[in-house]
Amino acid sequence: MKRIMSIQDLSCLGKCSLSVALPIISAMGIETSIVPTAVLSAHTQFDGFHIRDLTEDMKKVKEHWKKEDFKFDGIYTGYLASAQQIDIVIEYIEAFSRPNNLVIVDPVMAEDGKLYTGFDDSHPSHMARLCGKADIIIPNISEAALLLGMDYPGEDCSMDKIKEMLLGLSKLGAKCCVITGVHFGNDRLGFVGYDSLTNDFFEGSTKEVKYRSNGTGDVFASTFTGAVLNDYSIKDALMLAAEFTCRCIDDTAKDPNRRTYAVNFETQIPWLCEELKKNI
Ligand code: PXL
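Residues numbered from 1 in each chain as written. Predicted model: local features only at pLDDT ≥ 70, side-chain atom pairs only at ≥ 80, totals over all residues. Heavy atoms only, no water.

Draft legend 1. Structural detail: helix H9 (residues 269-279). Taken residue by residue, H9 has Ile269, Trp271, Leu272, Glu275 and Leu276 as its buried positions. With its buried residues spanning 155° around the axis, H9 presents them on a single face. Among the exposed residues of H9, those oriented more than 90 degrees off its buried face are Pro270, Lys277 and Lys278. For H9, the elements touching its buried residues are helix H1 (18-27), helix H7 (216-229) and helix H8 (234-254). (Buried < 20%, exposed > 50% of the residue type's maximum accessible area, 1.4 Å probe, protein only. Helix = DSSP H or I, 4+ residues; strand = E, 2+ residues; numbered from the N terminus. Arc of directions from axis to C-beta. Contact = heavy atoms within 4.5 Å.)

Structure (structure tokens):
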């Protein structure tokens, strides 16, 4: 069985970060070792959340895992609270890199052109350093703009703009850069990627469900990570993640008892497992 490490926060309520990565990637048959960077009573879109920072513990986990000589087939990082945590994550990548393991960085920090609560203006430049150590990065449009130090072009920006951003992102150093949450017109929403090894652009989309919720990016990134670790090509893994996320949002939008803070990914896990069975 393959094993991945996921480094991000544990929000005790609010279904994001590790509380999404752990169930989804595990359901996809990949052992998921976690490095919680902080414990929050609920994610930062709630007012008055309590946070316990675990920066010092992150170092201890790394030392222990290194001493035990644990090996990982991939490293997947998401929300990180500070520049210091980003430095420690870079140390993890250096300590656990092996010839064939994959480093996937989702530079979680913003949406709708705005940084999440708690980040200062220097955070994107530190995330950009981390992106330089990744094989694959999967920012949304807001995060891509912040990583590039450019003005937010809006959710409906042109395909030329998206491609210009991808070329800029590839200069940060990742082999494959993907921008998520791209509008294709005709109510289609999806991703556009650029592979700097082959110079190819690629894209994919699903129908757009007009319902906004927190945590959808984490559902997408976790499913993508699980699929790549199941030997899907990057494009097929992105497509599976897009379809799964679309189904989760659709189910939530139809649920009269829905929560506003996250999507119903749980109800769609059986579908995900069936899809995986068809392809592996
Ligand atoms: O879903 C992204 C995310 C992850 N972790 C925390 C967050 C958010 C988004 O708000 O607050 C703690």
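On we go.
Draft legend 2. Structural detail: the pattern of salt bridges. This structure, assessed with the given rule, holds 18 salt bridges. Lysine 15 is the partner of glutamate 266 in a salt bridge, and the nearest nitrogen-oxygen pair spans 3.1 Å. A residue pair is termed long-range when its members are at least 10 positions apart, and glutamate 266 in the loop between H8 and H9 and lysine 15 in the loop between strand E1 (3-11) and H1 qualify at 251 residues. In this structure glutamate 266 comes out as partly exposed when scored by relative accessible area, which is 39%. Here aspartate 187 and lysine 210 are joined by a salt bridge, their closest N and O atoms 3.3 Å apart. Taken together, the residues span a long stretch of sequence, with aspartate 187 in the loop between strand E9 (176-185) and strand E10 (188-195) and lysine 210 in the loop between strand E11 (200-207) and H7 at a distance of 23 residues. (Salt bridge = Lys/Arg side-chain N within 4 Å of Asp/Glu carboxyl O.)

Draft legend 3. Geometry of the pairing of E1. Burial runs high along E1: seven of the nine residues are buried. In terms of strand pairing, E1 meets strand E2 (residues 31-40) through eight bridges, oriented parallel. Counted as the bridge partner of isoleucine 4 is threonine 32 from E2. With respect to chirality, the unit in which E1 leads through H1 into the neighbouring parallel E2 is right-handed. Across four bridges, the pairing between E1 and strand E4 (residues 74-77) is parallel. Counted as the bridge partner of isoleucine 7 is threonine 77 from E4. (Pairing = 2+ DSSP bridges. Right-handed = clockwise from strand over helix to strand, strands pointing away.)

Nothing here speaks to function; it is geometry throughout.
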